Amino acid sequence: MKWINKLERKYGRYAIHNLSAYIIALYAAGYLMLLFTPEIMNYLTLEPYRILQGQVWRLVSWLLVPPQNLNLFTIIMLYFYYSVGNTLEQTWGAFRYNLYIFSGILFTVLGAFILYGIFRVVYPGVIPTMGYAFSTYYISTSILLAFTATYPNTQVLLYFFIPIKMKWIGLIYGVQILYSFIVNSWAGRAVILASLLNFIVFFLGTRNLKRYSPKEQKRRHEFKKAAAQSAGQPTAKGPTARHKCAVCGRTELDGENLEFRFCTKCEGNYEYCQDHLFTHEHVHKGH
């Protein structure tokens with residue numbers, strides 16, 4: 001979107017770099033509090049009623065509330081979230097990654113207040129409590145979904161030894177979210193929708209959905225067919241590659257699952273395939 005480009009030009013210098021590390025640090029602080037002073041958690045949750053009564057720290061303190069108990073599985077998943085989040089920051093740039101995360105936090109807070117207002121209108125004599133309904137769980141999930149949408153064919157080692165492509169992990173999470181959305185009450189659905197609104201806005205509002213239209217699908221099919229025919233006719237003029245890795249020289253014609261990205265840290269227009277985007281030496285002027 002053009003407005004994102006304008007914001008980045010104006011406020012990009014204020015972006016927090018390595019934001020994923022700060023997110024993990026908040027989790028670590030939350031787990032320490034849960035271990036030594038668990039009762040303090042009741043004063044950190046996102047409760048609109050308490051905030052309106054003057055406990056304004058709850059607007060941000062809910063970020064310290066960990067989404068689940070600390071165990072080996074949680075540690076592995078936090079490391080995984082840090083890795084994919086750091087990769088997204090390198091791919092998008094610090095400002096866009098900041099915007100994605102902080103918009104998710106803002107939508108979650110707004111969702112809590114909207115849900116609180118609805119409860120007060122529908123049940124005027126009841127003071128609703130949100131408890132742990134609004135947490136950072138879906139914020140973390142939105143990071144994974146964003147990475148899946150950006151690199152669907154990237155293979156990762158789940159639990160450090162299970163090779164699996166990100167699109168399958170994203171599909172599993174998507175099914176879980178859809179199931180939770182269906183079986184939950186309308187209030188639970190509002191929580192899920194508000195917490196994942198940043199993903200919905202970014203990936204339905206900023207991506208070119210024209211590529212999924214029947215006309216575009218037909219055009220891509222004809223392109224692949226023409227490329228296949230050209231491979232069997234050396235004298236014929238084949239299709240021209242639009243992307244080329246600066247390290248290995250591969251193009252999109254070498255495989256339909258290859259993905260290419262420009263590196264934001266290289267000085268100049270250097271494009272890399274998914275295998276070399278994060279392993280190449282950055283190009284700087286004078287080197």
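Residues numbered from 1 in each chain as written. Predicted model: local features only at pLDDT ≥ 70, side-chain atom pairs only at ≥ 80, totals over all residues. Heavy atoms only, no water.

Asker: Just checking my understanding: could you explain the confidence of the model for the chain for this structure?
Answerer: Residues shown with low pLDDT carry predicted positions that ought not to be read at fine detail. Mean pLDDT for the chain: 80, with 85% of residues reaching 70 or above. Contacts from residues 208-214, a stretch scored under 50 in pLDDT, to residues over four places away or in other chains number 8 contacts. (pLDDT = per-residue confidence, 0-100. Contact = heavy atoms within 4.5 Å.)

Asker: Explain the packing of aromatic side chains here, please?
Answerer: Aromatic ring pairs are reported here in terms of the distance separating the ring centres and the angle at which the planes meet. Using the criterion set out here, one finds 6 aromatic pairs in the structure. Taken together, Phe119, Tyr123 and Trp186 form an aromatic cluster joined through their ring pairs. A cation over a ring is seen here: Arg189 above Phe181, with NZ or CZ 5.9 Å from the ring centre. (Phe/Tyr/Trp six-rings, centres within 6.5 Å; stacked < 30°, edge-to-face > 60°. Lys NZ or Arg CZ within 6 Å of the ring centre and 35° of its normal.)

Asker: How should helix α5 (residues 72-92) be read in this particular structure?
Answerer: Three- or four-residue spacings in an α-helix give side chains the same orientation, since the helix completes a turn every 3.6 residues. Along its 21 residues, α5 runs 30 Å from first to last C-alpha, staying within 8% of the 30 Å computed at 1.5 Å per residue. Of the residues flanking the end of α5, it is Gly93, one or two places downstream, whose phi is positive at about 100 degrees. (Helix = DSSP H or I, 4+ residues; strand = E, 2+ residues; numbered from the N terminus. Expected span 1.5 Å × (residues − 1).)

Asker: What exactly am I supposed to notice about the packing of α5 against helix α6 (residues 94-122) here?
Answerer: Think of two packed helices as two axes; the pair is described by the angle between the axes and how far apart they sit. The N-to-C vectors of α5 and α6 enclose an angle of 130 degrees; their axes lie 6 Å apart at closest approach. Considered as vectors, α5 and α6 are oriented oblique to each other. In this structure, α5 contributes Gly85, Leu88, Glu89 and Trp92 to the contact, and α6 contributes Ala94, Arg96, Tyr97 and Tyr100. For the contact of α5 with α6, a count of residues per class yields 5 nonpolar, 1 polar and 2 charged. (Axes fitted to C-alpha atoms, helices over the stretch in contact; angles between N-to-C directions. Parallel < 35°, antiparallel > 145°, perpendicular 65-115°, else oblique. Nonpolar A, V, L, I, M, F, W, Y, C, P; charged D, E, K, R; others polar.)

Asker: Looking at this structure, I do not really get the packing of α6 against helix α7 (residues 137-150). What am I missing?
Answerer: Here α6 crosses α7 at 140 degrees, and the two axes come no closer than 10 Å. In terms of axis orientation, α6 runs oblique to α7. Considering the relative orientation of α6 and α7, their crossing is right-handed. Taking contact as the criterion, the partners of Tyr97, Tyr100, Ile101, Gly104, Ile105 and Thr108 in α6 are, on α7, Ile139, Ser142, Ile143 and Ala146. Per-class residue counts for the contact of α6 with α7 are 7 nonpolar, 3 polar and no charged. (Left-handed = near helix turned anticlockwise from the far one by under 90°.)

Asker: It is not clear to me how the side chain of Thr136 should be interpreted in this structure. Could you clarify?
Answerer: Structurally, Thr136 can be placed in the loop between α6 and α7. The class of Thr136 is buried, set by a relative accessible area of 5%. (Buried < 20%, exposed > 50% of the residue type's maximum accessible area, 1.4 Å probe, protein only.)

Asker: How should a nonpolar patch on the surface be read in this particular structure?
Answerer: A surface patch of nonpolar side chains, amounting to about 860 Å² of accessible area, comprises Leu106, Leu110, Ile114, Ile118, Val121, Val122, Tyr123, Val126 and Trp186. The biggest single contributor to the nonpolar patch is α6, with 6 residues. Of note, Tyr123 is situated in the loop between α6 and α7. (Patch = residues over 30% accessible without salt bridge, like charges linked within 9 Å, V, L, I, M, F, W, Y side chains within 5 Å. Areas by Shrake-Rupley, 256 points an atom, 1.4 Å probe, with all protein chains shown as cover. Salt bridge = Lys/Arg side-chain N within 4 Å of Asp/Glu carboxyl O.)

Asker: Please explain the environment of Glu47 as it appears in this structure.
Answerer: Examined against the element boundaries, Glu47 turns out to sit in the loop between α2 (19-36) and α3 (48-52). The sequence separation of Glu47 and Phe134 amounts to 87 residues, and the corresponding C-alpha distance is 8.9 Å. Apart from residues no more than four positions distant in its own chain, Glu47 is found in contact with Arg58, Pro128, Thr129, Met130 and Gly131.

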